[in-house]
Every structure is written in C-alpha cells, then in structure tokens.
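# Analysis of the macromolecular model
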Amino acid sequence: MSGGPAPARFSLNQETLRQWSMPELVAGCVAAGVAAVGLWRDPVREFGLRETAKLVAGAGLRVSSLCRGGFFTAADPVGRAGALEDNRRAVEEAAELGADTLVLVSGGLPDGDRDLVGARRRIVDVLDGLAPWAAAHGVRLGIEPLHPMFASDRCVVSTLGQALDIAERFPAQQVGVVADAYHLWWDERLPADLHRAGADGRIVSVQVADWVTPLPAGALTGRGQLGDGCIDLRAFRELADAAGYRGPVEVEIFHPGLWARDGAEVLREVIDRYRAHVA
C-alpha cells in the first residue's frame, strides 16, 4: 500500500467494492488496515446475518452503519405498516451486526402523488412506531437527506434542515441524521445545519463521495472517486468535525468503473484518495 494502513477514521462502505463477496470484503479490509465497514442488508442476507456478524467480529472490524431502512412514504396504511415491519427487521439486523446506526432513505412520492409535505408527514408517522423499537435494540436511526434529483422516486428529504426537522421530533439518542457530501455539498445552509445537528448530538454518520459531471443515465451510479469532482471534501469533513462529530467517515461510491476493477487495487486507491482529499 503506497501510503500505509488506512487512517483511523476511514470506513469502507460495502457498495464501493460491490464486486467483493463478504469474505473478500473482510479479508481485504484487514489486509489494508481498515478498521470499520458500512454494510448493506442484501449482501448480508445473501451471506447470512449470523455468519456475517461472526465473520466481521472475528476480524476485529467495526460496523459503522447498516444500509438501509426507510421508504416510509406509502400513501396507504397497509404500505406504511409493511414499511414499519421491514424496518423493525432492519433494526434487529443492525443490532445483530453490532452496528449502532441504521441509515434511513425515507422514500419518494407514491405514484400519482405530488404532495411533498404530506409524504414527509408520513415519515414521522412510521418513525413514531420505529424509534422506540430501535432504542430498545441499542440502534440509532439516521435520516439521510438525498440530493433533490432523487426527491420524486427515492427520498423526499432533500436537505439536512429537512432531516433535522423530522429527527428533532424524537430524542437525540433515538433519531439523528446522516451527512453525505455527495448529497449536501451544494446547500448554502449546510454549515448552519451541521452546527444545529452537532449541537444536539444528532450527526450519526458522515459519508463521502465526489460529484462529477456529466451524470450518467443512471444517476444513482454516478458518484465520483474522491478528488475527481468538484466537492471540497476536506472542508466538508472539517465542518462535521467542528460540529462535534468524531465518528468514522465512510467512503460510499456507487460507480461501475470501480466495480469492474480489481478490488484490492481500488481499495488502495480509495485510501490514498481519502488521505489526500478528506483526512
């Protein structure tokens, strides 16, 4: 490795190296001196929840977060009840893995619906039943705002301020927010909102990826390698630190170009880029 082991706060989100199986992920992180990983529910289920928990713990890795819960915005009560049940399972999975944070992507507008305010209100309705359940399992819920281009189909919560407006209805030890540079870099209110979040101890996770243009046809997989885009990633991390955040910083990049390459090579590059642009 060109720069030695990964910095202490570095965490590798599993999707950055989607091409790796769970055993490959754990072995690769250990070899690279990575101390923490952010896991996703589907590959955890594929390998087995208990098997994953045993593998990760046996390697001495911390699970910095589990992605993802959420999708609370169904207009019908049956849909919201189903979301609550699925998210309760997600909380149980996070607890089994030793992850103290479950990342929530709140959900977009239901088909034919144009009521953003109503959709955000339904998020609160589901959280009323989920937040105490999560607290009882030792898991904090992290509401992640996504860039406004995802508001229609993926997440009606687009700014950190909107996420805080929801989170602050609940105790800080139950519901916080996720600050992802890719989704928030553009917002002029970001410094003030990070300060607001930090003052109440609500920043539960910080994630980084870069913004590169033009976006691909599938915008979801358009996140850039650290340093390839226009985000001042170190300034973003420093804002979170100034707000009181001291936890892991997850690198979460969805990019087919990275997935097509050798995983160990990509991880070395990601760590070097993190050291150059984030740490």
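The paragraphs below set out a description of the structure included in this document.

## Here we look at helix H5 (residues 116-136)
- An ideal rise of 1.5 Å per residue puts 30 Å on 21 residues; H5 measures up with 31 Å between its terminal C-alpha atoms.
- Of all the bends in H5, the greatest, near 40°, is centred on Leu127.
- Taken together, the buried positions of H5 are Gly118, Ala119, Arg122, Ile123, Val124, Val126, Leu127, Leu130, Ala131 and Ala134.
- Contacts from the buried residues of H5 go to helix H4 (77-97), strand S4 (101-105), strand S5 (140-143), helix H6 (160-167) and strand S6 (175-180).
- The residue sitting at the N-terminus of H5 and contributing the capping side-chain oxygen is Asp115; that oxygen lies 3.3 Å from the backbone nitrogen of Val117.
- In the stretch just after H5, Gly138 is the one whose phi turns positive, near 75°.

## Digging into the pattern of salt bridges
- What the rule picks out here adds up to 21 salt bridges.
- The partner of Arg261 in a salt bridge is Glu265, with the nearest N and O atoms 3.0 Å apart.
- You can call Arg261 partly exposed: its relative accessible area is 27%.
- Within this structure, Arg41, Arg45, Glu85, Asp86, Arg89 and Glu93 form a network of salt bridges that share partners.

## Some details on the packing of helix H3 (residues 49-58) against H4
- Axis separation between H3 and H4 bottoms out at 9 Å; the angle between their running directions is 30°. Classed by the angle they form, the pair H3 and H4 counts as roughly parallel. The residues of H4 that touch H3, namely those facing Leu49, Arg50, Thr52 and Ala53, are Glu93, Glu96 and Leu97.
- Broken down by class, the residue content of the contact of H3 with H4 amounts to three nonpolar, one polar and three charged.

## As for the environment of Val44
- Assignment of secondary structure puts Val44 in helix H2 (residues 41-47).
- Residue class for Val44 comes out buried when judged on its relative accessible area of 3%.
- It is 30 Å that separates the C-alpha atoms of Val44 and Asp241, two residues lying 197 residues apart in sequence.
- When near neighbours in sequence (up to four residues on either side) are disregarded, Val44 contacts Met22, Leu39, Leu49, Thr52 and Leu97.

## Some remarks on the packing of aromatic side chains
- Applying the stated criterion across every chain yields a total of four aromatic pairs.
- Aromatic pair Trp40 and Phe254: ring centres 5.9 Å apart, planes at 75°, arrangement edge-to-face. With Trp40 in strand S2 (residues 36-40) and Phe254 in the loop between strand S10 (249-251) and helix H10 (256-259), this pair connects stretches of sequence that are 214 residues apart.
- Classification of Phe254 by relative accessible area gives buried; the value is 8%.
- Residues Trp185 and Trp211 carry aromatic rings whose centres are separated by 5.9 Å and whose planes lie at 50° to one another, so their mutual orientation is tilted.

## Focus on unusual backbone geometry
- Note the cis peptide between Cys67 and Arg68, where omega equals -10°.
- Relative to the helices and strands, Arg68 is located in strand S3 (residues 62-70).
- Residues Thr213 and Pro214 are joined by a peptide bond in cis, for which omega reads 5°.
- Within the fold, Pro214 resides in the loop between strand S8 (210-211) and strand S9 (223-224).
- At Phe71, a position not held by glycine, the phi torsion is positive, near 55°.
- Structurally, the position occupied by Phe71 is in the loop between S3 and H4.
- In this structure Phe71 comes out as partly exposed when scored by relative accessible area, which is 35%.

## Side note on the sheet that holds strand S1 (residues 10-13)
- Strand order in the closed barrel formed by eight strands is S1-S2-S3-S4-S5-S6-S7-S10, and the pairing between neighbours is parallel. Averaged over neighbouring strand pairs, the angle between their axes works out to 30° when direction is ignored.
- With three bridges joining them, S1 and S10 adopt parallel strand pairing. Across the sheet, the residue bridging to Leu12 is Val251, located in S10.
- The strands touched by helix H9 (residues 233-242) within the sheet are S6, strand S7 (203-208) and S10, with S7 carrying the most contacts at an inclination of about 175°.

Definitions and limits used
- Residues numbered from 1 in each chain as written.
- Predicted model: local features only at pLDDT ≥ 70, side-chain atom pairs only at ≥ 80, totals over all residues.
- Heavy atoms only, no water.
- Helix = DSSP H or I, 4+ residues; strand = E, 2+ residues; numbered from the N terminus.
- Expected span 1.5 Å × (residues − 1).
- Bend = angle between axes of the 7 residues up to and from the residue.
- Buried < 20%, exposed > 50% of the residue type's maximum accessible area, 1.4 Å probe, protein only.
- Contact = heavy atoms within 4.5 Å.
- Polar contact = N/O pair within 3.5 Å; in protein donor to acceptor, adjacent residues only side chain to side chain.
- Salt bridge = Lys/Arg side-chain N within 4 Å of Asp/Glu carboxyl O.
- Axes fitted to C-alpha atoms, helices over the stretch in contact; angles between N-to-C directions.
- Parallel < 35°, antiparallel > 145°, perpendicular 65-115°, else oblique.
- Nonpolar A, V, L, I, M, F, W, Y, C, P; charged D, E, K, R; others polar.
- Phe/Tyr/Trp six-rings, centres within 6.5 Å; stacked < 30°, edge-to-face > 60°.
- Pairing = 2+ DSSP bridges.

From the geometry alone we can't say anything about function, so treat these as descriptive.
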